[in-house]
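One-letter residues, chain by chain:
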Amino acid sequence: MKIAVNTRLLLNGKLEGIGWFTYEVFKRIALNHPEHEFYFIFDRPYSELFVFSENVKPIVLPPPTRHPVLWYYWFEYALPNALKKIDADVFVSPDGYLSLSVDLPQVAVIHDINFFHYPKGLPLVKSRYLNHFFPRYAQKACRIVTVSNYSKHDIAKNYNIDLEKIDVAYNGASEQFKPLDDEEKQAARQRYSSGLPYFLFVGALNPRKNVARLIQAFDIFKQTTGLQEKLLLVGEPMFMTSDIKKAYQQSQFKADILFLGRKDVAELSQITGAAKAIVYPSIFEGFGIPLLEAMKCGVPVASSNTTAMPEVAGDAALYFNPMSVDEMAEAMQILSRDNNLCSKLSAAALERQKMFSWDVTADTVFKSIEKCLSQC
């Protein structure tokens, strides 16, 4: 087969969630299937790190696509011409964007449809584009892959898609995330929190991640307990962060709230492994990879009780209503004082993380590609 893959989110040193999915899944698929040819289609110069094997043929198809106007041009004009030249058998898009202009069998990986439920959480032009085109992409796709049963049913219900058309391929997490010994934990804490225990949040700083309420809950926690714990926030601002800035400015404990920005996997695995607990207050997730990363480290989890998060964390988390600052603060209080519960959550996390593997994810995605070709 000639399998064309949208790899525009494979950016060296800048891999985000979907970029990591693309990297981990298609590295395995390309290596496991040398009998097929893979055409990786980039929208800018690429790193040789992403040419995983001899059967991977990279193609640069400009311009770089970071605006809805350029998305439309790239997928509806530039991409069809490239697919025709390749004479591809199938097109696979790990970020869900398809071309409505070609009749080629297509597989869309739609991780979630948060923009459908929270359209005001995105810039207006981007929100309108996603909500106009993604229902059409879902209808156009021969097969859809998503990352949780929650997302599968959400997509099927709101886009009127047959459940049988959607395959679930859970995310994995890097093997660098693993339990730390006491010496490693203390070294990480010395580096990031002056040696003190800390709660951790990992994720982009945008309205859906609910960081402003987390800061408010941390204030309540500090006022109520008087404990030394700090709050570490790992992630870059995306858009609409005024509520985060306001919550931080109004906090009585600014000195204990640390914004660390983006971290690479090696550093993030150390920060995660040394945390007292991860607190994940997101309002909406199709999966929630930081939950899995924490579980692989055996770190206790406090999580929102909504969308796909209970499906991922199962019995390895203490849950709260993400709209309730008081419930969030109470979860932090419990995890700071109940060592027996923390031990139980840690053990449950290490057991549950065994359910998730990039190898299984890649196998599921490849089977979906095969189904697409047999059905279309």
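Note: the structure precedes this text.
Everything in this summary refers to the structure shown in the same document. Predicted model, so just to flag it, every value in this text is computed and none were measured.

Rules used in this analysis
- Residues numbered from 1 in each chain as written.
- Predicted model: local features only at pLDDT ≥ 70, side-chain atom pairs only at ≥ 80, totals over all residues.
- Heavy atoms only, no water.
- Helix = DSSP H or I, 4+ residues; strand = E, 2+ residues; numbered from the N terminus.
- Rg over C-alpha atoms; globule rule 2.2 N^0.38 Å.
- Buried < 20%, exposed > 50% of the residue type's maximum accessible area, 1.4 Å probe, protein only.
- Contact = heavy atoms within 4.5 Å.
- Axes fitted to C-alpha atoms, helices over the stretch in contact; angles between N-to-C directions.
- Parallel < 35°, antiparallel > 145°, perpendicular 65-115°, else oblique.
- Nonpolar A, V, L, I, M, F, W, Y, C, P; charged D, E, K, R; others polar.
- Lys, Arg positive; Asp, Glu negative; His and termini not counted.
- Salt bridge = Lys/Arg side-chain N within 4 Å of Asp/Glu carboxyl O.
- Polar contact = N/O pair within 3.5 Å; in protein donor to acceptor, adjacent residues only side chain to side chain.
- Pairing = 2+ DSSP bridges.
- Disulfide = S-S within 2.5 Å.

### Remarks on the overall build of the protein chain
Helix and strand counts for the protein chain stand at 14 helices and 13 strands. In terms of overall size, the protein chain behaves like a compact globule, its C-alpha atoms giving a radius of gyration of 21 Å where 376 residues would be expected to give roughly 21 Å. Overall, the protein chain is about 65 × 40 × 40 Å in size when its C-alpha atoms are taken along their principal axes. Residues counted as buried form 58% of the 376 residues belonging to the protein chain.

### Quick notes on the environment of Y129
If you trace the backbone, Y129 turns up in helix α4 (residues 124–140). Taking the relative accessible area as the measure of exposure, Y129 reaches 8% and is therefore buried. Residues Y129 and W71, 58 residues apart in the sequence, show an inter-C-alpha distance of 9.3 Å. If near-sequence neighbours (up to four positions away) are discounted, Y129 is found in contact with P68, W71, Y72, Y97 and Y137.

### Observations regarding the packing of helix α12 (residues 325–337) against helix α13 (residues 339–352)
A pair of packed helices is captured by two measures, namely the crossing angle of their axes and the spacing between those axes. Close contact between α12 and α13 brings their axes to 5 Å; oriented N to C, the two are set at 95°. The pairing of α12 with α13 is recorded here as roughly perpendicular in orientation. Contacts between α12 and α13 pair I334, L335 and R337 from the former with N339, L341, C342 and L345 from the latter. Split into classes, the residues belonging to the contact of α12 with α13 amount to five nonpolar, one polar and one charged.

### Overview of the side chain of D112
Within the secondary structure layout, D112 lies in the loop between β5 (106–109) and α3 (114–117). For the buried D112, no salt bridge is present, and the opposite-charge side chain at shortest range is R208, 4.7 Å distant. Among the polar contacts listed, one links the side chain of D112 to the side chain of N114, at a separation of 2.6 Å. With near-sequence residues (within four places) excluded, D112 lies in contact with S151, F284, E285 and G286.

### Describing the sheet that holds strand β13 (residues 317–320)
The strand order across the open sheet built from six strands is β10-β9-β8-β11-β12-β13, with neighbouring strands paired in parallel fashion. For this open sheet the edge positions go to β10 (257–261) and β13, each flanked by a neighbour on one side alone. Sheet twist, expressed as the average angle between the axes of neighbouring strands with direction ignored, equals 25°. As defined by bridge partners, strand β9 (residues 230–234) adjoins β10 across four bridges and the pair is classed as parallel. From the neighbouring strand, L232 faces β10, where its bridge partner is L258.

### Thoughts on the pairing of strand β8 (residues 198–202)
Most of β8 sits inside the fold, with five of its five residues counted as buried. The side-chain alternation of β8 yields two buried faces, one formed by Y198, L200 and V202 and the other by F199 and F201. Looking at chain direction, β8 and β9 are connected through five bridges and run parallel. Counted as the bridge partner of V202 is V234 from β9.

### With respect to the state of the cysteines
The tally for this structure, following the rule as stated, stands at one disulfide. Covalent S-S linkage joins C142 and C376, the inter-sulfur distance amounting to 2.0 Å. For the disulfide bridge between C142 and C376, the dihedral angle about the S-S bond is near 105°, and by the sign convention the bridge is right-handed. Taken together, the residues C142 in the loop between α4 and β6 (143–146) and C376 in the segment after α14 (358–375) connect sequence positions 234 residues apart.

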